[in-house]
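# Per-entry structural report
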Amino acid sequence: MGGQPGWTQQWRAPLRAALDWLGDQIDQLFIQRGTRVLSDPWAAREDYIDVLLNHTPEQIEEFCDQHARKALTPSEKGSVLKLLEMQRHRLLMFTSCGWFFDELSGLETTQILRYAARAVELARSAV
């Protein structure tokens, strides 16, 4: 971490600003799309960990029964899971490992950019 002659972390502020902007866009889309089918999109996001830890058809059904405004079609269930994956990657793009290195192109920072790219990819499919 650091120590190279002339190293700087000046790249951090613009990257953080860009990711903050992207996070805001993703959140707006999540609320816009999520409120159509979820009673409380933020509560669903918090409880999504149960699906991640036990990704079975039964767990997905239980999750949807708990959080959906109505009985969901298979297509709507798929959309809900995409929205929640979008949010998961939105959160992952802020993992701390990406911020404490001297080189923007290092493995750690590259990984948070991959998380951001996946969030964008999922957002595009949700539109």
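Details of the structure are given in the entry above.
What this report covers is the structure whose coordinates are included nearby. Just so you know, these numbers come straight off a predicted model, no measurement behind them. (Residues numbered from 1 in each chain as written. Predicted model: local features only at pLDDT ≥ 70, side-chain atom pairs only at ≥ 80, totals over all residues. Heavy atoms only, no water.)

## Structural notes on the nonpolar core
Judged by nonpolar contacts, the single largest core of 30 residues is most densely connected at Leu19, Phe63, Val80, Leu84 and Met86. Of all elements in the fold, only α1 (12-37), α2 (41-53), α3 (57-67), α4 (74-92) and α5 (107-126) reach the threshold of two or more residues within this core. With 7 residues, α1 is the single largest residue contributor to this core. Residues contacting valine 80, with those up to four places away along its chain left out, are Val37, Leu38, Phe63 and Leu72. (Core = buried A, V, L, I, M, F, W, Y, C linked by side-chain atoms within 4.5 Å. Buried < 20%, exposed > 50% of the residue type's maximum accessible area, 1.4 Å probe, protein only. Helix = DSSP H or I, 4+ residues; strand = E, 2+ residues; numbered from the N terminus. Contact = heavy atoms within 4.5 Å.)

## Focus on the packing of α1 against α5
At a minimum axis separation of 11 Å, α1 and α5 run at an interaxial angle of 30°. As judged from the angle between their axes, α1 and α5 are roughly parallel. In this structure, α1 meets α5 at a crossing whose hand is left-handed. Residue-level contacts link Leu15, Leu19, Leu22, Ile26, Leu29 and Arg33 of α1 to Thr109, Ile112, Leu113, Ala116, Ala119, Val120, Ala123 and Ala126 of α5. (Axes fitted to C-alpha atoms, helices over the stretch in contact; angles between N-to-C directions. Parallel < 35°, antiparallel > 145°, perpendicular 65-115°, else oblique. Left-handed = near helix turned anticlockwise from the far one by under 90°.)

## Some words on α3
The α-helix winds at 3.6 residues per turn, so residues separated by three or four positions along the chain end up facing the same way. Of all the positions in α3, only Gln59, Ile60, Phe63, Cys64 and His67 are classed as buried. Looking down the long axis of α3, one finds its buried residues gathered within 130° of arc, a one-sided arrangement. Facing away from the buried side of α3 by over 90 degrees, the exposed positions are Pro57, Glu58, Glu62 and Asp65. Buried residues belonging to α3 abut α1, α2 and α4. (Arc of directions from axis to C-beta.)

## Considerations on the packing of aromatic side chains
Under the definition given, this model contains 2 aromatic pairs. Between tyrosine 48 and phenylalanine 63 the ring centres are 6.3 Å apart and the planes differ by 65°, which places this aromatic pair in the edge-to-face class. Of this pair, tyrosine 48 sits in helix α2 while phenylalanine 63 sits in helix α3; the two residues are 15 residues apart in sequence, bridging distant segments of the chain. With a relative accessible area of 5%, tyrosine 48 lands in the buried category. Given the relative accessible area of 2%, phenylalanine 63 is considered buried. (Phe/Tyr/Trp six-rings, centres within 6.5 Å; stacked < 30°, edge-to-face > 60°.)

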